[in-house]
Amino acid sequence: MNVLFLDIDTLRPDHMSCYGYPRRTTPNLDQIAAEGVRFENCYCSDAPCLPSRAGLVSGEFGIKNGIVGHGGSAADRPRGGVNRGFQDSRDVWNFHNIFRRAGMYTASVSTFGERHSAWWFQAGFQEIYNEGERGLESGEKIVPYVLDWLERNRERKDWYLHVHFWDPHTPYRVPESFGNPFENEPLGDDWIDETVFRRHRAHVGPHSAREVVMFDDRELPQYPRYLSRLESLGDVRKFIDGYDCGVAYADYLSGLIFDRLKELGLYEDTAVIIMADHGENLGELGLYAEHATADLPCCHVPLIIKWPGAKQGHVDRGLHYQLDLTPTVADLLGVEKADYWDGKSLKENILEGKQSGRESLVLSQMAHVCQRSARFGDWLYIRTYHDGFHLFDNEMLYHVSEDVHEQKDVKEDFPQICALGAKIILDWHDRAMLESSDFRDPMWTVLQENGPYHTWNSLPDYIKRLEQTDRAEGARRLREKYTGKGNMQRHGSENRKRF
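A brief report on the enclosed structure follows. (Residues numbered from 1 in each chain as written. Predicted model: local features only at pLDDT ≥ 70, side-chain atom pairs only at ≥ 80, totals over all residues. Heavy atoms only, no water.)

1. Side note on the overall build of the protein
And then number 1: If you tally the helices and strands in the protein, you get 17 helices and 15 strands.
And then number 2: The C-alpha radius of gyration of the protein comes to 22 Å, within 12% of the 23 Å expected for a compact globule of 499 residues.
And then number 3: The dimensions of the protein, computed from C-alpha atoms along their principal axes, are 65 × 60 × 40 Å.
And then number 4: Relative to its full complement of 499 residues, the protein shows a buried share of 62%.
And then number 5: Considering only intrachain contacts with a sequence separation of at least 6, the fraction spanning at least 24 residues in the protein is 69%.
And then number 6: Summed over its atoms, the accessible surface of the protein is roughly 19800 Å², and 46% of this surface lies on carbon and sulfur atoms.
And then number 7: Computing the positive centroid from 59 side-chain charges and the negative centroid from 78, the protein places the two 4 Å apart. (Helix = DSSP H or I, 4+ residues; strand = E, 2+ residues; numbered from the N terminus. Rg over C-alpha atoms; globule rule 2.2 N^0.38 Å. Buried < 20%, exposed > 50% of the residue type's maximum accessible area, 1.4 Å probe, protein only. Contact = heavy atoms within 4.5 Å. Areas by Shrake-Rupley, 256 points an atom, 1.4 Å probe, with all protein chains shown as cover. Lys, Arg positive; Asp, Glu negative; His and termini not counted. Charge placed at Lys NZ, Arg CZ, Asp CG, Glu CD.)

2. Observations concerning the packing of aromatic side chains
And then number 1: As enumerated under the stated definition, the model contains 25 aromatic pairs in all.
And then number 2: Between the aromatic rings of Phe-258 and Tyr-267, the centroid separation amounts to 6.5 Å while the plane-to-plane angle is 70°, which identifies the pairing as edge-to-face.
And then number 3: Each member of the aromatic cluster is reached from another via a ring pair, and the members are Phe-5, Phe-95, Phe-99, Phe-125 and Tyr-160.
And then number 4: If you follow Arg-53 out to its NZ or CZ, it ends over the ring of Phe-112, 4.7 Å from the centre.
And then number 5: One Lys or Arg, Arg-53, reaches over the ring of Trp-166 and ends 5.9 Å from the middle of that ring. (Phe/Tyr/Trp six-rings, centres within 6.5 Å; stacked < 30°, edge-to-face > 60°. Lys NZ or Arg CZ within 6 Å of the ring centre and 35° of its normal.)

3. Examining the nonpolar core
In a soluble, globular protein the nonpolar side chains are often hidden away together inside.
And then number 1: Counting residues in hydrophobic clusters, the biggest one holds 127 residues, and the most contacted among them are Leu-6, Leu-161, Ile-257 and Leu-325.
And then number 2: Residues in contact with Leu-6, not counting those within four places in the same chain, are Leu-29, Val-163, Phe-165, Ser-254, Ile-257, Phe-258, Ile-273, Ile-274 and Met-275. (Core = buried A, V, L, I, M, F, W, Y, C linked by side-chain atoms within 4.5 Å.)

4. Thoughts on the pattern of salt bridges
And then number 1: Under the defined criterion, the tally for this structure stands at 38 salt bridges.
And then number 2: With a shortest N-O distance of 3.9 Å, Arg-317 and Glu-40 are connected by a salt bridge. Of this pair, Arg-317 sits in strand S11 (residues 314-321) while Glu-40 is found in strand S2 (residues 37-43), placing the two residues 277 residues apart along the sequence.
And then number 3: Given the relative accessible area of 54%, Arg-317 is considered exposed.
And then number 4: Where Arg-77 meets Asp-88, a salt bridge forms, and the shortest distance between an N and an O atom there is 3.7 Å. (Salt bridge = Lys/Arg side-chain N within 4 Å of Asp/Glu carboxyl O.)

5. Notes on empty space enclosed by the protein
And then number 1: Counted by the stated rule, this structure contains five cavities of 30 Å³ or more.
And then number 2: A volume near 70 Å³ is recorded for the largest cavity.
And then number 3: Every residue along the wall of the largest cavity is listed here: Ala-54, Val-57, Ser-58, Asn-65, Ile-67, Arg-77, Arg-90, Asp-91, Asn-94 and Trp-120.
And then number 4: Those elements that place two or more of their residues in the lining of the largest cavity are helix H2 (49-58) and helix H4 (89-92).
And then number 5: Of the residues forming the lining of the largest cavity, the biggest block, three residues, is contributed by H2. (1 Å grid on protein atoms, 1.4 Å probe; cavity = no way out; pocket = protein on both sides within 12 Å on 5 of 7 lines; lining within 4 Å. Points joined across faces, edges and corners; volume = space filled by probe spheres on them.)

6. Some details on H2
And then number 1: Most of H2 sits out of view: 10 of its 10 residues are buried.
And then number 2: Here H2 has its buried residues at Cys-49, Leu-50, Pro-51, Ser-52, Arg-53, Ala-54, Gly-55, Leu-56, Val-57 and Ser-58.
And then number 3: Phi turns positive one or two residues past the end of H2, at Gly-59, with a value near 75°.

7. Some details on the sheet that holds strand S12 (residues 360-365)
And then number 1: Spatially, five strands are ordered S3-S12-S13-S14-S15 in an open sheet, and the strand pairing comes out mixed. The sheet is open, and its two borders are formed by strand S3 (46-47) and strand S15 (395-399), each paired with just one other strand.
And then number 2: Examined bridge by bridge, S3 and S12 share two bridges and lie parallel to one another. What sits directly across from Ala-47, in S12, is Gln-365. (Pairing = 2+ DSSP bridges.)

8. Quick notes on a negative patch on the surface
And then number 1: The grouping of Asp-189, Asp-190, Asp-193 and Glu-194 at the surface amounts to a negative patch.
And then number 2: Within the element layout of this structure, Asp-193 appears in the loop between strand S6 (159-165) and helix H8 (194-201). (Patch = residues over 30% accessible without salt bridge, like charges linked within 9 Å, V, L, I, M, F, W, Y side chains within 5 Å.)

9. Quick word on the environment of Tyr-482
And then number 1: For Tyr-482, the position within the fold is in helix H16 (residues 472-483).
And then number 2: Each C-alpha atom, one on Tyr-482 and one on Trp-428, is 29 Å from the other, the two residues being 54 residues apart in sequence.

10. Quick word on the sheet that holds S11
And then number 1: Spatially, S5-S4-S6-S1-S7-S10-S2-S11 is the arrangement adopted by the eight strands of the open sheet, whose pairing is mixed. Strand pairing shows two members of the sheet lacking a second neighbour, strand S5 (127-129) and S11, which therefore form its edges. On average, adjacent strands in this sheet sit at an angle of 15° to one another, irrespective of strand direction.
And then number 2: Helix-sheet contacts for helix H9 (residues 233-263) involve strand S1 (2-8), S6 and strand S7 (270-275), and the interaxial angle to S1 is about 170°.
And then number 3: Docked against the sheet, helix H11 (residues 325-333) engages S1, S7, strand S10 (300-306) and S11, running at close to 175° with respect to S7. (Axes fitted to C-alpha atoms, helices over the stretch in contact; angles between N-to-C directions.)

11. Examining the side chain of Arg-53
And then number 1: Among the secondary structure elements, Arg-53 is positioned in helix H2.
And then number 2: Here the side chain of Arg-53 touches Asp-277 through a polar contact of 3.0 Å, side chain to side chain.
And then number 3: Those residues within four positions of Arg-53 in sequence are excluded, and the remaining contacts are Asp-7, Asp-9, Phe-112, Trp-120, Phe-121, His-164 and Asp-277. (Polar contact = N/O pair within 3.5 Å; in protein donor to acceptor, adjacent residues only side chain to side chain.)

12. Re the pairing of S10
Note on strand geometry: in a regular strand, side chains alternate between the two faces of the sheet.
And then number 1: Buried residues dominate S10, accounting for seven of its seven residues.
And then number 2: Residues His-300, Pro-302, Ile-304 and Lys-306 of S10 are buried on one face, and the alternating residues Val-301, Leu-303 and Ile-305, pointing to the opposite face, are buried as well.
And then number 3: The pairing of S2 with S10 spans five bridges and is classified as antiparallel. Within S10, the position partnered with Cys-42 by the bridge is Val-301.
And then number 4: Two strands pair when backbone bridges link them, and S7 and S10 are joined in this way by four bridges, in the antiparallel orientation. In the sheet register, Ile-273 faces S10, and the bridge partner there is Ile-305.

13. A short note on unusual backbone geometry
And then number 1: In this structure, the amide linkage connecting Ala-47 to the following residue, Pro-48, adopts the cis form with an omega of 0°.
And then number 2: By the element assignment, Pro-48 lies in the loop between S3 and H2.
And then number 3: Following Thr-170, the chain continues to Pro-171 via a peptide bond in cis, the omega torsion being 10°.
And then number 4: Here Pro-171 is to be found in the loop between S6 and H8.
And then number 5: Not every positive phi belongs to a glycine, and His-207 is a case in point at roughly 65°.
And then number 6: The topology assignment puts His-207 in the loop between H8 and H9.
And then number 7: Overall, the relative accessible area of 3% leaves His-207 in the buried class.

Written out as structure tokens, the structure reads:
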């Protein structure tokens, strides 16, 4: 048996047609869903890119594996210390090595390791193809490596091939030659009206409608699908089209791989796993074109598995973590599991159609903000420790079964639900600390080391921009929040001394 893992960056399931999106963005991936199992409620435990893949590969929550951010100490695994053996156990027991232990030949086509200096991601691979643009490449540069590898290995038995596409990720780099297949179609979910958009234009924080690029609106002419600012609902339309084209392009490229597998007579014997590292903020909480929060648009990911003996066209509706895939694959391949993995196997869900899941999930984000959230029942409860300069409340509560785009914070109406969400996070934290090797929560490391990486040394200039763009009240509130004496949410000595 062969296994193809399509690792599609920044792919929101609710923008895939097999998950109910009205636009037909993913016809090729839809076919895999029809031949296998689609998981409706899968979430990355830690967002965004680096923490998410660290969770999957290690099989552990970021609070335990130590990687929760994009910079500083919390972007690296802690050293093994005196108990480290000849090899680091996290490399021996990582996700990719599951396939090696099952006797499969392993290869990867991905720039991820170099992009984040995450060389641990490559442990377990016997071949690695790095296109060299560190995640800024579009997928037509990746596919030739894949097709060539399949041709050269057409006679090989039992292989695992990891293929990484970045196309839905900012800055929406799909070639102009692909066109816009959605130009004459209505938006898949037209929830941003004039009232909502006016509120977004007044938003304070990076990646808002007035500064999509991050803290400013500088033009990026090499990426015409990626607008640097949104001034009208027409711009919102172009922006959503740009993201959807990224999704459709990744699907088109995936179809080329499926076609080659069929031409080589390998398709029927090849299991397919489709997953993303995280989703994308597309207006929710006032953010555009970024994966910057611990909420549904950022942490909800697709998981589709076509596997020998799997239920066909089955939909699983339980709450699951992305890192549940790690013990699942070990069980499906019949190899030993690590006793420290945090995931729960979904083997019975895939082979027998069993409907099971967790009662709640805890989602974390430490690269753009510091947030932990509880996802349970109809609810999403968010605790914010550093708001990434968005002026989020310390607590937020959303009834996500009715308010999927998180427009109405209802914490004042449901204090008992907030208390339950806070308890879920506290209990999860305490269990993780008792199981941790060093009893340190890396979130506090992030807060002590100048805050989330994507806010470093940016506040003084951003406050000036707010004052120049009719948002002086937001500038005042940020200055008060992040420069006050004794404020635990202060933002590094460099920012404080420049005011």
